[in-house]
Amino acid sequence: MSVNNLPFPVNGKGHLEIGGMDTIELAEKYGTPLYVYDVSIVRENCRAFIDTFKQLGVEAQVAYASKAFSSIAILQVIKQEGLSIDVVSEGELYTALKAGFPPEKIHLHGNNKSMEELTLAIENNIGCIVIDNFYEIELLSQLLEEQKKQIDVLIRVTPGIQSKTHQYIMTGNEDSKFGFNLANGQAEKAFAQLRNHEWIRFKGLHCHIGSQIFETDRFTTAVEILFSELTKWHQKFDYTPEVLNFGGGFGIRYTEDDRPLPLNIYVEELVRSIRSHINELDFPMPEIWIEPGRSIVGNAGITLYTVGSTKEIPGVRNYIAVDGGMTDNLRPALYQAKYHGIIANKADKPNDTEVSVAGKCCESGDMLIWDLATPKVDNGDILAVFSTGAYGYSMANNYNRFSRAAVVFVENGQDKLVIKRETYEDIVRNDISYE
Ligand SMILES: Cc1ncc(COP(=O)(O)O)c(C=O)c1O
Ligand SMILES: N[C@@H](CCCC[NH3+])C(=O)O
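As named in an unreviewed UniProt entry, the chain is Diaminopimelate decarboxylase, taken from Oceanobacillus limi. Looking at the Pathway (unreviewed entry) heading of the UniProt record, one finds this comment for the chain: "Amino-acid biosynthesis; L-lysine biosynthesis via DAP pathway; L-lysine from DL-2,6-diaminopimelate: step 1/1."

And the structure:
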């Protein structure tokens, strides 16, 4: 943090900088709304996870959850840093293959994988499929039998943990659309079907307890729950897992109320807890996999907007409207997510007023930030919203036929366009005339 508790520096012109670049110049060059990523932060986050596992001497795979932001360029950075990735759809898998991601480092997720998704995964010999339900076991068995191929799998289990996060991003609770329930025996039933399967190589268990989690105790509880199941399976079937995957969910700072833990702490606590269980049970140490998404790209990205209209309601509130909104950042409308931002061309000015930032969609709920302290705002000012690198571009949409914003990477004072701004021609491309 530098001026005013900001995550990025301010230059001599009073402009916010990112990756050694002036944000106002970037806005002029590429237009707004604009997503800008400081690639060096992505790399730092990757290394924090990878290096901690190395220091602890644990065989691991850190699989970037590409749903947080999937594009050819970001997956190339992730590949350079030596991570694996998790994909949840044919589109994400296709993007990964196009990015030249090594197939053996791709893991496929999804609660309703289609024949096409499974076929693409099998044809490309991806590293692992995380099986979610009994129907998928049938589909996968059928496809592998037809192609006479084997594949590694984990099964996703729901440990029954209520994480302290928004209901829509909880996934490990019992009443969830994801995974096999542990408590009611479904997970054991799936394990029984898979342990001696001709085509499916059962490697271990996966669980993901939710997203934007700030406490390690949720993860260590998940470890305990998985090991209590594994203890049963060991007694009954003499089974020990080769792989345990504890998903993602490591929280980041959106506003100053968020208190994220350093990323190494999550890994250290997980490993400590797993080691204590395997020592007690006399199991060999399994490979540990994790799937961070938000914590890899979230704080590396900002969004730049141009301020347009303003509206003062005396005694109520001052609105400023920007040229984007719920089309480039759905999270405030969907999860009441909170963000912090600043007027990037007045980053050195004192905050002597308060505004609420509206998007330009035809929805009252299209508000990006409520009650943000700023200097006096004029039209033409550039607003920078922080921590939009995860689930921003990836959840962008064309509501009101807005075009998706461009994405620029900056690193060491260099900028590069990595996703072009969508054109209106792109938007009508699949429309078919009815005249
Ligand atoms: C199975 C799985 N793994 C990983 C993630 C990534 O989560 P996050 O971006 O919070 O790290 C998710 C999303 O919540 C998920 O469902
Ligand atoms: N899209 C969610 C997180 C993903 C949840 C996936 N299991 C968010 O923006 O917070």
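**Some words on the UniProt feature "binding site: substrate" (unreviewed entry) in the chain**
Following the UniProt record, the feature "binding site: substrate" (unreviewed entry) maps to R294, R331, Y335, E363 and Y391 here. The greatest C-alpha distance among the residues just named is 26.7 Å, and with 98 residues of sequence between them they are spread in space as well. Secondary-structure assignment places R331 in helix 11 (residues 331–335). Looking at R331, the relative accessible area reads 4%, which means it is buried. Non-local contacts of R331, meaning those with residues more than four positions away in its chain, are made with Y254, R294, Q336, A337, Y339, A390 and Y391. Secondary-structure assignment places Y391 in the loop between strand 18 (382–385) and strand 19 (406–411).

**Observations regarding the site of ligand 1**
Neighbouring ligand 1 are 15 residues; H208, S211, E291, R294 and Y391 lie closest to it. Within the contact set of ligand 1, an oxygen atom lies 3.2 Å away from a side-chain nitrogen or oxygen of K67. Here E291 contributes a side-chain N or O atom positioned 2.7 Å from a nitrogen atom of ligand 1. Protein burial of ligand 1: of its 390 Å² of free accessible surface, 94% is covered by the chains. Residue classes in the shell around ligand 1 are distributed as three nonpolar, seven polar and five charged.

**Things to note about the packing of aromatic side chains**
By the definition in use, this model includes 19 aromatic pairs. For the ring pair F191 and F237, a centre distance of 5.2 Å and an interplane angle of 70° mean the geometry is edge-to-face. Of this pair, F191 sits in helix 7 (residues 186–194) while F237 sits in helix 8 (residues 217–237); the two residues are 46 residues apart in sequence, bridging distant segments of the chain. Residues F227 and F283 carry aromatic rings whose centres are separated by 6.3 Å and whose planes lie at 40° to one another, so their mutual orientation is tilted. In this pair, F227 is assigned in helix 8 and F283 in the loop between helix 9 (263–281) and strand 12 (287–290), connecting sequence segments 56 residues apart. Note on accessibility: F227 and F283 belong to one class, buried. One aromatic cluster is present, formed by Y35, Y37, F69, Y393 and F409 through successive ring pairs. The ring of F134 is capped by K189, whose NZ or CZ atom sits 4.7 Å from the centre of that ring.

**What about the state of the cysteines?**
Counted according to the given criterion, the structure contains zero disulfides. Here C46 stays free of any disulfide, with the sulfur of C128 as its closest cysteine sulfur at 20 Å. You can see C362 has no disulfide; the closest cysteine sulfur is in C361, sitting 8.4 Å from it. What makes C362 exposed here is its relative accessible area of 66%.

Cut-off values and rules
Residues numbered from 1 in each chain as written. Chains lettered and ligands numbered in written order. Predicted model: local features only at pLDDT ≥ 70, side-chain atom pairs only at ≥ 80, totals over all residues. Heavy atoms only, no water. UniProt positions renumbered as here; feature names shortened; annotations may be inferred. Helix = DSSP H or I, 4+ residues; strand = E, 2+ residues; numbered from the N terminus. Buried < 20%, exposed > 50% of the residue type's maximum accessible area, 1.4 Å probe, protein only. Contact = heavy atoms within 4.5 Å. Near = heavy atom within 4 Å. Polar contact = N/O pair within 3.5 Å; in protein donor to acceptor, adjacent residues only side chain to side chain. Areas by Shrake-Rupley, 256 points an atom, 1.4 Å probe, with all protein chains shown as cover. Nonpolar A, V, L, I, M, F, W, Y, C, P; charged D, E, K, R; others polar. Phe/Tyr/Trp six-rings, centres within 6.5 Å; stacked < 30°, edge-to-face > 60°. Lys NZ or Arg CZ within 6 Å of the ring centre and 35° of its normal. Disulfide = S-S within 2.5 Å.

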